[in-house]
Structures are given as C-alpha cells and as structure tokens.
Amino acid sequence: MNRDRYNRSDFRIEYKQAKFFMIKSFSEDDIHKSIKYNVWSSTPRGNKKLDATFCEVEARLDKGTKCPIFLLFSVNVWASGSQKDYEFLATRQVAWVLPVKWHIIKDIPNVLFSNILLENNDNKRVTASRDTQEVANFLTRLRLS
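Conventions used here
- Residues numbered from 1 in each chain as written.
- Predicted model: local features only at pLDDT ≥ 70, side-chain atom pairs only at ≥ 80, totals over all residues.
- Heavy atoms only, no water.
- UniProt positions renumbered as here; feature names shortened; annotations may be inferred.
- Helix = DSSP H or I, 4+ residues; strand = E, 2+ residues; numbered from the N terminus.
- Buried < 20%, exposed > 50% of the residue type's maximum accessible area, 1.4 Å probe, protein only.
- Contact = heavy atoms within 4.5 Å.
- Polar contact = N/O pair within 3.5 Å; in protein donor to acceptor, adjacent residues only side chain to side chain.
- Patch = residues over 30% accessible without salt bridge, like charges linked within 9 Å, V, L, I, M, F, W, Y side chains within 5 Å.
- Areas by Shrake-Rupley, 256 points an atom, 1.4 Å probe, with all protein chains shown as cover.
- Salt bridge = Lys/Arg side-chain N within 4 Å of Asp/Glu carboxyl O.

By the naming in an unreviewed UniProt entry, the chain goes by YTH domain-containing family protein and is assigned to Spirodela intermedia. Reading the Sequence similarities (unreviewed entry) entry of the UniProt record for the chain gives the comment "Belongs to the YTHDF family."

The structure is reproduced here in structure tokens:
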C-alpha cells in the first residue's frame, strides 16, 4: 500500500455541497480489499441507494455544480460467535461495484461519534445507523462535537 496517498494534510474538507453516507461492513477484510482494489459493493438495497445518489450528483455536474460523495466506513465486530459464522458476507458475489478513491484511513473509536444524532433516522446516534444511511451536514456536526 502506498501510504503517502492517504491521510494527506492538504485534503480538502470544505465544500458548499457534499453528501456523506455511513457504510457498514461485517468484515475488516472487505475494507482491506476495498483499499487495495479501489472498489466497494454494499447490500442490494444499499447499492440501489448509492447508485441513485451518484445519478443525482452526475445530473448536478451537468449543471456545473460539484457535489462530492464521501463514504464513512464502519466495521461491525461481533463479540460472540465465531468469524466463520459471517464468512459468507465477506465472500458474497456482487452484481454492482462502485469505484472508490480512499483519502483518509483512520481507525477511530465509535465513541467519538456517539454524540452525532441523525434527524433523518429518528434522532438515533450515527453509530447506530444502518448501511448507506445518509449523514447530513457531517463535517459541521463533527466540528461541533
């Protein structure tokens, strides 16, 4: 892995418009593969949501409006049961693949985000969100926490 490509201090974080989505994974291995191959695939429902968002953003680009999409990855680690019980999730065949470019790779404890509540998810904590849950105004919320 070419580490100087990630976590750069000159990475732009100020945008007039941007979309943020929580991505949930049951496998750390899937995250490593995504970093290595620059692709991601979610659940069928999640893929449909991300595809619709990308189509919406492409329509904005035609009108001259940039709107980057950021995927915030979270790995769910199960305290009980064996990893073998969940191997099928890591080896599933996928029909839709999203090209991704990784900018920041950091292992951040969920507790640092637990104060961010989502109005579009019954005011639940962002740490309890579902796969491909949109997180409105994420950067603003992060700065205020």
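Once you've had a look at it, read on.
Observations regarding the environment of Lys-124
In this fold, Lys-124 is placed in strand 6 (residues 124-125). A relative accessible area of 41% places Lys-124 in the partly exposed class. Along the sequence, Lys-124 and Ser-114 sit 10 residues apart, while their C-alpha atoms lie 9.4 Å from each other.

Notes on the environment of Asn-47
Following the sequence through the fold, Asn-47 ends up in helix 2 (residues 44-62). Classification of Asn-47 as buried rests on a relative accessible area of 8%. The sequence separation of Asn-47 and Thr-132 amounts to 85 residues, and the corresponding C-alpha distance is 8.2 Å. Contacts of Asn-47, omitting those with residues within four sequence positions, involve Ser-41, Ser-42 and Trp-96. For Asn-47, the side chain forms a polar contact with the main-chain nitrogen of Ser-42, separated by 2.7 Å.

Some thoughts on a nonpolar patch on the surface
Together, Tyr-37, Val-39 and Val-97 line one region of the surface with nonpolar side chains, adding up to about 270 Å² of accessible area. Inspection of the secondary structure assignment puts Val-97 in the loop between helix 3 (87-90) and strand 4 (98-99).

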